Every structure is written in C-alpha cells, then in structure tokens.
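Chain by chain, the residues run as shown.
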Amino acid sequence: MTTNQFDTGLPSIRQVQNWIKEKITVEFRLMTGDLITGRVFWQDHNCISVFNANNEQITVWRQAIAYMKPLSN
C-alpha cells in the first residue's frame, strides 16, 4: 500500500469533502498564526485549495494548518 494514497475513508477527508459539497465557509488557522477564511474548492493528500472573500484561490499545505473549523452549517 502506498503511503501517499489519498484515503477517502478518513474522517478528516470526508469532513472537508462535505464542506466542498455544501460550500461552507471555513476558517483555517496556520501554524504561522495567519488566518485564512473561505470556501474549500478542492483537496488532495498534500494541499487544500480555498477561495477567499475576494475570490482569490489560495493553496494551503496540510502541514501548515494548525486547525480548521466551519463558520456556517
């Protein structure tokens, strides 16, 4: 089994997929203390892509994320 495989069975992956499907606004706090807020566009095993309020696409490395939380249900 490849360690780089994108495991869609993991709860965190399913949660982010739900945010994509539901177009929920999410807050990402990075390890640097920076805050990114926006809609998740896509994810892979390394990164998450977010569209912010200015409709700018930002790609965030998963290792850089301290936490992520939905701002709406």
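Residues numbered from 1 in each chain as written. Predicted model: local features only at pLDDT ≥ 70, side-chain atom pairs only at ≥ 80, totals over all residues. Heavy atoms only, no water.

Examining helix H1 (residues 11-22)
Its 12 residues give H1 an end-to-end C-alpha distance of 16 Å, which sits within 8% of 16 Å, the value for a rise of 1.5 Å per residue. Along H1, the positions that sit buried rather than exposed are Ile13, Val16 and Trp19. Projected onto a plane normal to the axis of H1, the buried residues spread over an arc of 120° and lie on a single side. Within H1, the exposed residues directed more than 90 degrees away from the buried face are Pro11 and Lys21. Downstream of H1 by a residue or two, Lys23 has a phi angle that is positive, lying close to 55°. (Helix = DSSP H or I, 4+ residues; strand = E, 2+ residues; numbered from the N terminus. Expected span 1.5 Å × (residues − 1). Buried < 20%, exposed > 50% of the residue type's maximum accessible area, 1.4 Å probe, protein only. Arc of directions from axis to C-beta.)

Notes on the sheet that holds strand S1 (residues 25-30)
Strand order in the open sheet formed by 5 strands is S4-S3-S2-S1-S5, and the pairing between neighbours is antiparallel. The outermost strands of the open sheet, each flanked by one partner alone, are strand S4 (57-61) and strand S5 (65-70). Ignoring strand direction, the axes of neighbouring strands in this sheet form an average angle of 45°. Alignment of S1 against S5, held across 5 bridges, turns out to be antiparallel. Paired with Glu27 across the two strands is Lys69, which belongs to S5. H1 contacts S1, strand S2 (35-43), strand S3 (47-51) and S5 of the sheet and is inclined by roughly 95° relative to S2. (Pairing = 2+ DSSP bridges. Axes fitted to C-alpha atoms, helices over the stretch in contact; angles between N-to-C directions. Contact = heavy atoms within 4.5 Å.)

Observations concerning the UniProt feature "domain: Hfq-related" (unreviewed entry) in the chain
Under the UniProt annotation, "domain: Hfq-related" (unreviewed entry) lies at residues 10-70. Spanning residues 10-70, this segment combines 20% helix with 51% strand, and its end C-alpha atoms are found 18 Å apart. (UniProt positions renumbered as here; feature names shortened; annotations may be inferred.)

Digging into the environment of Ala66
Among the structural elements, Ala66 can be located in strand S5. A relative accessible area of 44% means that Ala66 is categorised as partly exposed. Excluding residues within four positions of it along the chain, Ala66 makes contact with Arg29, Leu30 and Met31.

A word on the pattern of salt bridges
Under the defined criterion, the tally for this structure stands at 1 salt bridge. Here Glu27 and Lys69 are joined by a salt bridge, their closest N and O atoms 3.9 Å apart. Taken as a pair, Glu27 in strand S1 and Lys69 in strand S5 lie far apart in primary sequence, 42 residues in all. Classification of Lys69 as partly exposed rests on a relative accessible area of 38%. (Salt bridge = Lys/Arg side-chain N within 4 Å of Asp/Glu carboxyl O.)

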